[in-house]
Structures are given as structure tokens and as C-alpha cells.
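Coordinates in review
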Amino acid sequence: MARIIVVTSGKGGVGKTTTSAAISMGLALKGYRTAVIDFDVGLRNLDLIMGCERRVVYDFVNVINGEAALNQALIKDKRCDKLFILPASQTRDKDSLTSEGVGKVLGDLSKDFDYIVCDSPAGIERGAMLAMYYADDAIVVTNPEVSSVRDSDRMLGILASKSRRAERGEEPIKEYLLLTRYSPHRVKLGEMLSVEDVQDILSLHLLGVIPESKAVLNASNSGIPVILDEKSDAGQAFSDVVRRYLGEDVTHRFIELEKKSLFGRLFGG
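Residues numbered from 1 in each chain as written. Predicted model: local features only at pLDDT ≥ 70, side-chain atom pairs only at ≥ 80, totals over all residues. Heavy atoms only, no water.

Of the volumes computed, that of the largest pocket is approximately 540 Å³. Every residue lining the largest pocket is counted, 27 residues in all, and those nearest its centre are V14, G15, K16, T18 and R181. At the level of elements, α1 (16–29), α2 (46–49), β7 (174–182), β8 (205–211) and α11 (214–222) are the ones that each hand at least two residues to the lining of the largest pocket. With four residues, the single largest contributor to the lining of the largest pocket is α1. Of the residues that constitute the lining of the largest pocket, the class distribution is ten nonpolar, eleven polar and six charged. (1 Å grid on protein atoms, 1.4 Å probe; cavity = no way out; pocket = protein on both sides within 12 Å on 5 of 7 lines; lining within 4 Å. Points joined across faces, edges and corners; volume = space filled by probe spheres on them. Helix = DSSP H or I, 4+ residues; strand = E, 2+ residues; numbered from the N terminus. Nonpolar A, V, L, I, M, F, W, Y, C, P; charged D, E, K, R; others polar.)

So this is what it looks like as C-alpha cells:
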């Protein structure tokens, strides 16, 4: 049976879809059969970031409604044969997702895949609640700002009480913190919360810190998961995240200001 991962947040625009694309690609590159599902009905973006928007014929809602078979809707990634994308519908409303339908799709995928990554909409709308309901693990994505962290704290209560695991009295969803758009320089200036500040509020296991980086936008615009940009700090950070999720002991990077060399201190480089 597959392990179901929900990538969630309380606030929009924090990088959930970027995270879903990077982590699913990272797991697939490690040899695990991985499916990534876009739960954001009406605002489909995952296919753009994965670079497969022109290959979408059927979508998640088509499968739920019996208008297409699951294998017809799944898009095989051209860069990694272990990764498959299930896009959201752009034309349906959010009520098109039903608990029974989502449960059946996840159950069918679980027979053939090792991991299923659910790219959740922000907040507590229907798609977000269904993405969280079936999860085994939750990656809570937040920016180092008060409003984003506060909204993430609210999501933790929902994860603890509204999931299938909670209803069945099973082991709780395993929760991880992913801090995105982090800048040690801005933390030093007092413009941004530190890693310690965020952990004090949320008390979650830190899965990784993704630095503020132009590479993320460049990758998204190119339809390439940023984890494939191995030279970028963001790509390296996401690679570290996948390794930590799989149980490796990987030191956290990109948290402290880089110390300038003697030459840099003398000449301002």
C-alpha cells in the first residue's frame, strides 16, 4: 500500500505546488513509483510546473465521475518513468470532489504506487479537507511570517481531528514542517521570523528550509521541478528534504548567513 502525503498550508502562495512537484520528483528519482495529484479544482497549476499542461486529456474529476479510467488520466513524466501526474479540472467547481470518489481513486493508486503526493489547495475548502482526510503524512508549508505561521497552526488542529486516522482512532498523521522563502539576511534585519521562532510556535519536526531563490520562479516558468536544478540552492534544499523524509540524517543548510572570506570582507565582495 502507498504512503499518502498531503502538502498543505493555511495561507495561499507559500509554495505548496512547487513543493509537491519537487518532492514527488525526488521520490521518483530515488526509485519509488510516485503519483502526484492536483486537488485544486478550478485553479489547475501542477501540470504547468510539471511541464505537462499540453498532455492533459482527462483529469481527476473525469475519473471520479467515471468519464475516464484512471490510467487514461495519469500522465507519465517524460524525465522519470517512476512519476505520474493526475491533473485537476479547470472547468468544474470544487464540489465535484466527493469523499467516496477521492477515496476510490486513492485506493486504486495505492495498489500500484509507493507514494501518493496530494497537492492541496490552501485553507479549509473542500479540496483541502479531502486531501488531508486520507493522509498518512502531512508536510505543512509555511513562510517565515506571522500570518502564514498562524494559519498553519490552525491547519494542525484540523489534521489532528478531521482525518480518517483520527476517526478510526489510528496513529495520528505524521506532521512535518517545511519553511519556504527563507532569508537569513532578512531574519538578521528583523524582517522575518527565524527557524527557531517558527518551531517555537508550531512545534513540528523540521523537514527542511527552502531559501528565497530566483531558481524557484525560473523552474516554474520552464515547467521543470526545481529539484532538477542541482546547481541551485533551492534544488539542493529540496533534495535534502526528500532524503530526510526517507530517513537519512542530513544536516540542515541555508539557515545561517554565509560568512564572507577575508577578501570579501576587505573589498565588499
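Before going further, it helps to spend a moment on a negative patch on the surface. There is a patch of like negative charges on the surface, built from E196, D197, D200 and E256. One can find E196 in helix α10 (residues 195–202). (Patch = residues over 30% accessible without salt bridge, like charges linked within 9 Å, V, L, I, M, F, W, Y side chains within 5 Å. Areas by Shrake-Rupley, 256 points an atom, 1.4 Å probe, with all protein chains shown as cover. Salt bridge = Lys/Arg side-chain N within 4 Å of Asp/Glu carboxyl O. Lys, Arg positive; Asp, Glu negative; His and termini not counted. Charge placed at Lys NZ, Arg CZ, Asp CG, Glu CD.)

If you check helix α7 (residues 146–161), its first and last C-alpha atoms are 24 Å apart, about what 16 residues at 1.5 Å a residue would give, namely 22 Å. Every buried residue belonging to α7 is among S148, V149, S152, M155, L156, I158 and L159, and all of these are buried. Considered in projection along α7, the buried side chains sweep an arc of 165° and stay on one side of the axis. Of the residues in α7, the exposed ones pointing more than 90 degrees away from the buried face are V146, R150, R154 and A160. Looking at the packing, one finds that the buried side of α7 touches β1 (3–8), α6 (126–133), β6 (137–142), β7 and α10. (Expected span 1.5 Å × (residues − 1). Buried < 20%, exposed > 50% of the residue type's maximum accessible area, 1.4 Å probe, protein only. Arc of directions from axis to C-beta. Contact = heavy atoms within 4.5 Å.)

With that settled, the discussion passes to the sheet that holds strand β2 (residues 34–38). In space, the eight strands of this open sheet follow the order β3-β4-β2-β5-β1-β6-β7-β8, with mixed pairing throughout. In this open sheet, the two edge strands, each paired with only one partner strand, are β3 (75–76) and β8. Strand contacts of helix α5 (residues 99–110): β1, β2, β4 (83–86) and β5 (115–119), with the helix running at about 150° to β5, the strand carrying the most contacts. Sheet strands touched by α10: β6, β7 and β8. Its angle to β7, the strand with the most contacts, is close to 150°. (Pairing = 2+ DSSP bridges. Axes fitted to C-alpha atoms, helices over the stretch in contact; angles between N-to-C directions.)

Turning to the pairing of β5, a few remarks are in order. Of all five residues in β5, five are buried; the element is thus mostly enclosed. Of the two faces of β5, the one lined by Y115, V117 and D119 and the one lined by I116 and C118 are each fully buried. Sheet topology note: the β1/β5 ladder contains five bridges and is parallel. Each residue of the ladder has a partner; that of I4, found in β5, is I116. Bridge analysis of β2 against β5 gives five bridges, and the strand direction is parallel. Considered in β5, the bridge of A35 is made with I116.

This paragraph deals with the nonpolar core. Of all hydrophobic cores here, the largest spans 49 residues; its most connected members are F39, F60, L86, L97, V102 and L109. Ignoring sequence-local partners within four residues, the contact set of L97 consists of F39, V41, F60, V61, I64, V102, R126, G127 and L130. Ranked by size, the runner-up nonpolar core spans 37 residues in total, among them I75, L178, A237 and V241. (Core = buried A, V, L, I, M, F, W, Y, C linked by side-chain atoms within 4.5 Å.)

Here the focus is the UniProt feature "binding site: ATP" (unreviewed entry) in the protein chain. With numbering aligned to this structure, UniProt lists the feature "binding site: ATP" (unreviewed entry) at K11, G12, G13, V14, G15, K16, T17 and T18. For the largest pocket, the lining residues among the annotations just cited are G12, G13, V14, G15, K16, T17 and T18. In this fold, G12 is placed in the loop between β1 and α1. Classification of G12 by relative accessible area gives partly exposed; the value is 40%. Checked against the element boundaries, T18 lands in helix α1. The contacts of T18, once residues within four sequence positions are left out, are I49, V216, S220, V226 and F238. (UniProt positions renumbered as here; feature names shortened; annotations may be inferred.)

Here β4 shows no split at all, with L83 and I85 on one side and F84 and L86 on the other all buried. Connecting β3 to the next strand, β4, in antiparallel fashion are six residues.

Let us look at the packing of aromatic side chains. As enumerated under the stated definition, the model contains six aromatic pairs in all. Ring geometry for F39 versus F60: centroids 5.1 Å apart, planes at 80°, classification edge-to-face. Of this pair, F39 sits in the loop between β2 and α2 while F60 is found in helix α3 (residues 60–64), placing the two residues 21 residues apart along the sequence. Aromatic side chains F84 and F113 sit 5.5 Å apart centroid to centroid with 80° between the ring planes, which places their arrangement in the edge-to-face category. Here F84 is found in strand β4, whereas its partner F113 is found in the loop between α5 and β5, with 29 residues between them in sequence. (Phe/Tyr/Trp six-rings, centres within 6.5 Å; stacked < 30°, edge-to-face > 60°.)

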